[in-house]
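Fold and geometry: a report
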Amino acid sequence: MLDNFQYSYVLRNLLAEYSLEYLNESTKEHDLINYNNVINWLDESLNLDPSLDNPAWQAKYNSISSKHSSNANKDDEKKELEEIISKLKLINPEHFRTLELNQEFLEKKKDITELLSFEKQLRIIYSKSSKKKRLKVLDIISKTYIFLNELPPDDNFDYKKLVEDFFEFIGADEENTNVASYLVLKSLYSIGRLKEISKGIALAKKSLDAKWSSRYINIISSILLIEDSNIPILSEAINSPSSNINSSQVKRINVDILVAQNKFDDAINLINISYDSKIFSFSDYVIAKTYTLLKSGRYAEVISFVGDNIDKVKDANKRDVIIINREVAKKNSGQEIRRIDLHSVISHFQSKGNESMCAFYLLDDLVQARRILRGYINNDFFNYYIFSNWPAIPESELKDFTPERIAS
């Protein structure tokens, strides 16, 4: 077919898009098509139209990430992605395609020094840009700080000082910054650093109507679900006919709302429907269902469901989350846990991060688990609300961090 359309980059993009979606959703190995085929079609597209407006750049980035998703070692993936970023920078280092993909790549590397250097570059671009372009640059800078806020605590940089300096930099422009990511950043700062919960929730509500809010709806919903009284406004926002939030996010947040209301059967029914109608990917389906079953105390179902499905999950990081969910179910039902699997999770994350913390709790290594827990919550109080919903963390471990205890 492609031979009949030798000069159509659009056709190659479409073929790559549908093939990538098929490969990502499939739970089986295929001989007729693979990720390298997809990448080759995108290379053909870029040979026909190498401009940065060609969406094949983003599609190729996504395809390389998907190709390597099953590998715990990400060195090859980073090398291939870095080649894309280098080509983009040669064409135009200040084009939004370059800036957005570079930001995404630096997040994947988790190199704080490089991210902060990139942020300085973005400030220079912001200062010399038109008002319209400034909004887009502001979005990328704010997204960078949101990501930095999610990293494990690091004594080598003072996040609070850096973000306060950024707010000061925006200064007089703030009245024109109706950008969702900026409002979300201010919300997270208010809750996490200042412990001003009401102010943070108010900013999250405001962000629902801000520019590009659909990109940040997951974090917005997490903030609003701190208090059940925000469920009506959140539900109205995501289910509105005028909403441009994709169907997968809408279903996922509706599941979160049902879980928050302890309507577990309704939540599981919605998860099953969302997967059957191809709205949820397979891995997201498995994670959502095991989590909801855990919250409802149906441990035997979790163990059985994971046993039937974990080998079909391609993404190594998501498999680790599913392993943790399975081991929580085992431990809570008095079964022997698979310690070797939990040590593998810890190894994958180098004894850092949320996954390692949960694994340490399951292994009863309270010294290491509490070290990570306290680091996260002391660094960012918003984590208290996140962790309070996680079955892997014993409720007793959070008693010293309640808002009432913190305020006293």
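Here is what the cut-offs are and how they apply
Residues numbered from 1 in each chain as written. Predicted model: local features only at pLDDT ≥ 70, side-chain atom pairs only at ≥ 80, totals over all residues. Heavy atoms only, no water. Helix = DSSP H or I, 4+ residues; strand = E, 2+ residues; numbered from the N terminus. Rg over C-alpha atoms; globule rule 2.2 N^0.38 Å. Areas by Shrake-Rupley, 256 points an atom, 1.4 Å probe, with all protein chains shown as cover. Lys, Arg positive; Asp, Glu negative; His and termini not counted. Charge placed at Lys NZ, Arg CZ, Asp CG, Glu CD. Axes fitted to C-alpha atoms, helices over the stretch in contact; angles between N-to-C directions. Parallel < 35°, antiparallel > 145°, perpendicular 65-115°, else oblique. Left-handed = near helix turned anticlockwise from the far one by under 90°. Contact = heavy atoms within 4.5 Å. Nonpolar A, V, L, I, M, F, W, Y, C, P; charged D, E, K, R; others polar. pLDDT = per-residue confidence, 0-100. Expected span 1.5 Å × (residues − 1). Buried < 20%, exposed > 50% of the residue type's maximum accessible area, 1.4 Å probe, protein only. Polar contact = N/O pair within 3.5 Å; in protein donor to acceptor, adjacent residues only side chain to side chain. Salt bridge = Lys/Arg side-chain N within 4 Å of Asp/Glu carboxyl O. Phe/Tyr/Trp six-rings, centres within 6.5 Å; stacked < 30°, edge-to-face > 60°. Lys NZ or Arg CZ within 6 Å of the ring centre and 35° of its normal. Core = buried A, V, L, I, M, F, W, Y, C linked by side-chain atoms within 4.5 Å.

What to know about the overall build of the protein
Scanning the protein for helices and strands turns up 22 helices and 0 strands. In terms of overall size, the protein behaves like a compact globule, its C-alpha atoms giving a radius of gyration of 22 Å where 408 residues would be expected to give roughly 22 Å. Overall, the protein is about 60 × 60 × 45 Å in size when its C-alpha atoms are taken along their principal axes. By element, 47% of the accessible surface of the protein is carried by carbon and sulfur atoms, the whole surface being about 20,600 Å². Of the charged side chains in the protein, 54 are positive and 60 negative, and the gap between their average positions amounts to 1 Å.

Some words on the packing of helix α15 (residues 282–295) against helix α16 (residues 299–309)
Where α15 meets α16, the axes come as close as 8 Å, and the angle between the chain directions of the two elements is 165 degrees. Relative to α16, the element α15 is oriented roughly antiparallel. The crossing of α15 and α16 is left-handed. Seen from α15, the contacting residues are Phe282, Tyr285, Val286, Lys289, Thr290, Leu293 and Leu294; seen from α16, they are Tyr299, Glu301, Val302, Phe305, Val306 and Asn309. The class makeup of the residues in the contact of α15 with α16 is 9 nonpolar, 2 polar and 2 charged.

A short note on the side chain of Thr98
Position of Thr98 among the secondary structure elements: in helix α5 (residues 96–109). Among residues more than four places away in sequence, those in contact with Thr98 are Leu52, Leu88, Lys89, Asn92 and Pro93.

Overview of the confidence of the model for the protein
Scored by pLDDT, the protein has a mean of 93; 96% of the residues are at 70 or more. Across the protein, element-level confidence peaks in α16 with a mean pLDDT of 98 and bottoms out in helix α22 (residues 403–407) with 70.

Here we look at α5
Between its first and last C-alpha, α5 extends 20 Å over 14 residues, near the 20 Å set by a 1.5 Å rise per residue. With 10 of 14 residues buried, α5 lies mostly within the body of the structure. Phi turns positive, to about 60 degrees, at Lys110, one or two residues after α5.

Focus on helix α13 (residues 247–260)
Spanning 14 residues, α13 covers 20 Å between terminal C-alpha atoms, matching the ideal 20 Å at 1.5 Å per step. Considered for burial, the residues of α13 that qualify are Gln249, Val250, Ile253, Asn254, Val255, Ile257, Leu258 and Val259. Considering only its buried residues, α13 is in contact with α11 (217–224), α12 (231–239), α14 (264–276) and α15. Backbone nitrogen of Ser248 and a side-chain oxygen of the N-cap are separated by 3.1 Å at the start of α13; the cap is Asn246. In the segment just after α13, Asn262 is the residue with positive phi, at about 60 degrees.

Focus on the pattern of salt bridges
Per the stated rule, a full pass over the model turns up 22 salt bridges. The partner of Glu301 in a salt bridge is Arg298, and the shortest N-O contact between them spans 2.9 Å. Look at Glu301 and you get partly exposed, because its relative accessible area is 39%. Salt bridges linked by common partners bring Arg326, Glu327, Lys330, Arg338 and Asp341 together as one network.

A closer look at the packing of aromatic side chains
In this structure the tally under the stated criterion is 16 aromatic pairs. Look at Tyr145 and Phe166: their rings are 5.2 Å apart centre to centre, the planes differ by 25 degrees, and that puts the pair in the stacked class. Of this pair, Tyr145 sits in helix α7 (residues 131–150) while Phe166 is found in helix α8 (residues 159–170), placing the two residues 21 residues apart along the sequence. Residue Phe166 is classed as buried on the basis of its relative accessible area of 0%. Grouping aromatic residues by their ring pairs yields a cluster made of Tyr145, Tyr159, Phe166, Phe167, Tyr182 and Tyr189. Against the face of Phe96 rests Lys133, its NZ or CZ located 5.6 Å from the ring centre. Across the ring face of Trp212, the terminal group of Lys211 is positioned such that the distance to the ring centre comes to 5.2 Å.

A short note on the nonpolar core
Grouped together as the largest cluster of nonpolar side chains are 131 residues, with contacts concentrated most on Phe166 and Leu373. Discounting chain neighbours no more than four positions away, the residues touching Phe166 are Glu119, Arg123, Leu138, Ile141, Ser142, Tyr145, Tyr182 and Leu185.

Examining the environment of Glu17
With respect to the element layout, Glu17 can be found in helix α1 (residues 9–25). For Glu17 and Asn62, which are 45 residues apart along the polypeptide, the C-alpha to C-alpha distance reads 10.0 Å.

What about the side chain of Thr290?
Among the structural elements, Thr290 can be located in helix α15. Residue Thr290 is classed as buried on the basis of its relative accessible area, which comes to 0%. A polar atom in the side chain of Thr290 sits 3.0 Å from the side chain of Asn325. Ignoring sequence-local partners within four residues, the contact set of Thr290 consists of Val302, Phe305, Val306 and Asn325.

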